[in-house]
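Fold and contact review
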Amino acid sequence: MTPLHRTLAGAAVVLGAFAPFAGSPYRTPPAGIDIRSLATEVANEEDHVTAIELATWIQERKAGLRILDLRTAEEFDEYHLPHSENLPLEALATTRFAPDETLVLLSGGGAHAAQAWVFLRALGNRHVFFLRGGLQEWLDDVMSPTLAADAPPETKARVSALSRYFGGVPHTGTALPEPAAANSVTALRRRGC
Amino acid sequence: MSAPLFLSDHAALIAAVVIGIAFGWTLERAGLGSAKKLAGQFYLTDLTVFKVMFSAILTAMLGAFWLGRLGVLDLSRVYVPGTWLAPQLLGGAIFGAGFAIAGLCPGTSCVAAATGRGDGLAAFTGMFTGILVTGLAFAPLQRFYDSTSRGTLTLPEVLHLPYGTVVALLTGIALAGFAGAEWIERRQRAPEPEHARVATLVPEQEPQA
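Cut-off values and rules
- Residues numbered from 1 in each chain as written.
- Chains lettered and ligands numbered in written order.
- Predicted model: local features only at pLDDT ≥ 70, side-chain atom pairs only at ≥ 80, totals over all residues.
- Helix = DSSP H or I, 4+ residues; strand = E, 2+ residues; numbered from the N terminus.
- Buried ≥ 20, exposed ≤ 12 C-beta atoms within 10 Å, placed from the backbone.
- Contact = placed C-beta atoms within 7 Å.
- Pairing = 2+ DSSP bridges.
- Axes fitted to C-alpha atoms, helices over the stretch in contact; angles between N-to-C directions.
- Expected span 1.5 Å × (residues − 1).
- Arc of directions from axis to C-beta.
- Core = buried A, V, L, I, M, F, W, Y, C linked by C-beta atoms within 7 Å.
- Domains from an automatic or database assignment.
- pLDDT = per-residue confidence, 0-100.
- Parallel < 35°, antiparallel > 145°, perpendicular 65-115°, else oblique.
- Left-handed = near helix turned anticlockwise from the far one by under 90°.
- Nonpolar A, V, L, I, M, F, W, Y, C, P; charged D, E, K, R; others polar.
- Right-handed = clockwise from strand over helix to strand, strands pointing away.

What follows is about the overall build of chain A. Of the regular secondary structure elements, chain A holds eight helices and seven strands. Counting only residues that meet the buried cut, chain A has 28% of its 193 residues in that class.

Listed below in structure tokens is the structure:
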């Protein structure tokens, strides 16, 4: 062992030995809730995304996008959005996210995701959104969208293409979707948040 | 100004290239582009890899802790990757098997390939073929890929110990590991005992009838 090695080892011993008495290395405690700021975001509808917007982000492979599915592991295993990850609501307190990540929260009906949005904003995360209508909105608007007969052709084409990209079955007017897709969608719709 | 610094996408790419070249150059200078040196790890004849890795872990851990404590580094803004237990265990096993078979890990295989070593080129090609095949077969794998999410875990949270205590414990383990590695290497380098050499030089005489 050279003198340099001994010096470095000695420095490590000193730094390691004093660490338990140094306190927490976290300089910034979790940010408090700035109610005025959050209320403004809510009023301006900057707190959520629609299912169509989320589908577009996934299709375009938006950089830093993370879709956090707050439902139970069983519900997640049964059906989940592409590229989403299952994360229990309780795990949000200890999960850290990169500052440039865009976080989209998803629950069955939307209520848990909206609550989680408040938690994450209170923890200092900035780019956080929730899917307003939850999984049901995804099923209704992406997997089984009803295209109004009088909607502009380009809108119908765009939504149809987006739906088919995710394996959905778009239909026009009030017609019911195809039986197979309709059954699976109906089964999932029974769930709350 | 405090760290970590946030760079634009282009600046981050440039920084990645510069850091990557520096990392590769350092690996090559340390001799880690040679599979023989890395294989020595598994035969306990050359523990350079162990010492390099634990030096890096120890330096980063002590640096992050004390820089955070002194207010230079904002640890709450440092990205900690999430844990997906089953896929990461399987990935670790595949990584370990590849490391043992090739005698090279991803970084050192790039270094070995860049210096024209045949085994490095083979490992490099195999690695990127594996990445390509995994990407092409991702759809059926995705269910497993997304399974057993545990959120973001750190040792202080898992062990329910204060951050500083974990730092002290790991420092002790690392230093004990260095001492153990030095002892093993010294044993491997030690000359044969004198009586053993004499025994090989003077063949045993057969007893006369």
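After that view of the structure, there is still more to cover.
The next subject is the overall build of chain B. Along its length, chain B carries 10 helices and two strands. Starting at the N terminus and walking to the C terminus, you meet the elements of chain B as α-α-α-β-α-α-α-α-β-α-α-α. Looking at chain B as a whole, 19% of its 209 residues are labelled buried. Once local pairs closer than 6 in sequence are excluded, the contacts in chain B between residues at least 24 apart make up 64%.

Turning our attention to the sheet that holds strand β1 (residues 48–49) of chain A. All names here are of chain A. Spatially, the five strands line up as an open sheet ordered β1-β5-β4-β2-β3, and their pairing is parallel. Unpaired on one side and paired on the other, β1 and β3 (84–86) mark the two borders of the sheet. The pairing of strand β4 (residues 102–106) with strand β5 (residues 128–131) spans three bridges and is parallel. Bridge pairing links Val104 to Phe129 in β5. Seen against the sheet, helix α5 (residues 111–122) touches β4 and β5 and runs at an angle of roughly 175° to β5.

The next subject is α5 of chain A. At 3.6 residues per turn, the α-helix brings residues three or four places apart onto the same side. Residue and element names in this part refer to chain A. The end-to-end C-alpha distance of α5 is 17 Å, a good match for the 16 Å that 12 residues give at a rise of 1.5 Å each. Listing the buried residues of α5 in full gives Ala113, Ala116, Trp117 and Leu120. Down the axis of α5, the smallest arc covering the buried residues is 115°, so these residues share one side. Of the surrounding elements, those touching the buried residues of α5 are β4, β5 and α6 (134–143). Just past α5, the residue Gly124 takes up positive phi, approximately 100°.

The next thing to look at is the nonpolar core. Within soluble globular proteins, side chains that are nonpolar tend to cluster in buried spots. All names here are of chain A. Judged by nonpolar contacts, the single largest core of 31 residues is most densely connected at Val104, Leu105, Leu106 and Leu131. Listing elements by their share of this core, those giving two or more residues are α3 (51–59), β2 (65–69), β4, α5, β5, α6 and α7 (153–165). Looking at this core, you find at least three residues from each of domain 1 (35–133) and domain 2 (139–189). Once residues within four sequence positions are removed from consideration, Leu131 is found in contact with His48, Val49, Ala51, Leu54, Val104, Leu106, Gly110, Ala113, Glu137 and Trp138.

A low pLDDT score tells you not to read the predicted coordinates there in detail. For chain A, the mean per-residue pLDDT works out to 82, and 86% of the residues sit at or above 70. Ignoring residues within four places in sequence, the model shows residues 175–183 of chain A, a span with pLDDT below 50, making nine contacts including any to other chains.

Here we come to the packing of helix α5 (residues 106–114) of chain B against helix α6 (residues 118–136) of chain B. Residue and element names in this part refer to chain B. One can describe the packing of α5 onto α6 by two numbers: an axis separation of 7 Å at closest approach and a directional angle of 130°. Overall, the two elements α5 and α6 adopt an arrangement that is oblique. Crossing geometry of α5 relative to α6 is assigned as left-handed. Residues Pro106, Ser109, Cys110, Ala112 and Ala113 of α5 form the contact with α6, whose own contacting residues are Asp119, Gly120, Leu121, Ala123, Phe124 and Met127. In terms of residue class, the contact of α5 with α6 is built from eight nonpolar, two polar and one charged.

With that settled, the discussion passes to the interface of chain B and chain A. Between chain B and chain A, the residue contacts involve 29 residues of the former and 26 residues of the latter. Here the side of chain B that touches chain A gets nine residues from one element, more than from any other, and that element is helix α9 (residues 163–189) of chain B. Taken together, the residues of the side of chain B that touches chain A sort by class into 13 nonpolar, 10 polar and six charged.

All names here are of chain A. Residues Val128 and Phe130 line one face of β5 and the alternating positions Phe129 and Leu131 line the opposite face, and both faces are buried. The pairing of β1 with β5 spans two bridges and is parallel. The partner of Val49 across the bridge, within β5, is Leu131. As for the winding sense of the linkage, the β-α-β connection from β4 through α5 to β5 is right-handed.

Here we take up the environment of Asn125 of chain A. Along the chain, Asn125 of chain A falls in the loop between α5 and β5. In this structure Asn125 of chain A touches Phe97, Leu103 and Leu120 of chain A, once residues within four positions along its chain are discounted.

The side chains of a regular strand alternate, residue by residue, between the two faces of the sheet. Residue and element names in this part refer to chain A. Most of β4 is tucked away, with four of its five residues classed as buried. Relative to β4, β2 is paired through five bridges, and the arrangement is parallel. Residue pairing for β4: Arg66 is matched across the bridge by Leu103.

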